[in-house]
Amino acid sequence: MEGEPITSTLLPPGNIPQDASLTLEQKTTFVFVILLFIFLGILIVRCFRILLDPYRSMPTSTWADGLDGLEKGQFDYALA
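For clarity, every value in this text was computed on a predicted model and none was experimentally measured.

### A word on the overall build of the protein
Looking only at helices and strands, the protein has one helix and zero strands in total. Surface summary for the protein: the accessible area is close to 8400 Å², and the carbon and sulfur share equals 66%.

This is the structure we're talking about:
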């Protein structure tokens, strides 16, 4: 056991690839997939935050906040 060399079972001896570097297409695809996983992670975090606190994402203003001098529900001559 002590004198035996350690051999890899993944590649047979003699079939070691000479050029193990990635091509430009493989690098581009790898970067694109990593960016998609980052985007997916951001969406998952955002969805969980909305599920945990759904009322935080709702705006506190109402549709009538922008009307000057009018009470809510008063529509008479608002466009004239």
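The discussion continues.
### Remarks on the UniProt feature "transmembrane region" (unreviewed entry) in the protein
Under the UniProt annotation, the feature "transmembrane region" (unreviewed entry) is placed at residues 30–52. A distance of 33 Å separates the end C-alpha atoms of residues 30–52, which is 100% helix and 0% strand.

### Considerations on the pattern of salt bridges
Using the criterion set out here, one finds one salt bridge in the structure. The partner of D53 in a salt bridge is R56, and the shortest N-O contact between them spans 3.8 Å. On the accessibility criterion, D53 (34% relative accessible area) is partly exposed.

### Structural notes on a nonpolar patch on the surface
A contiguous nonpolar patch, built from F32, V33, L36, F37, L40, I44, F48 and L51 and spanning about 820 Å² of accessible area, is present on the exposed surface. Note on placement: F37 falls in helix α1 (residues 24–52).

Conventions and cut-offs
Residues numbered from 1 in each chain as written. Predicted model: local features only at pLDDT ≥ 70, side-chain atom pairs only at ≥ 80, totals over all residues. Heavy atoms only, no water. Helix = DSSP H or I, 4+ residues; strand = E, 2+ residues; numbered from the N terminus. Areas by Shrake-Rupley, 256 points an atom, 1.4 Å probe, with all protein chains shown as cover. UniProt positions renumbered as here; feature names shortened; annotations may be inferred. Salt bridge = Lys/Arg side-chain N within 4 Å of Asp/Glu carboxyl O. Buried < 20%, exposed > 50% of the residue type's maximum accessible area, 1.4 Å probe, protein only. Patch = residues over 30% accessible without salt bridge, like charges linked within 9 Å, V, L, I, M, F, W, Y side chains within 5 Å.

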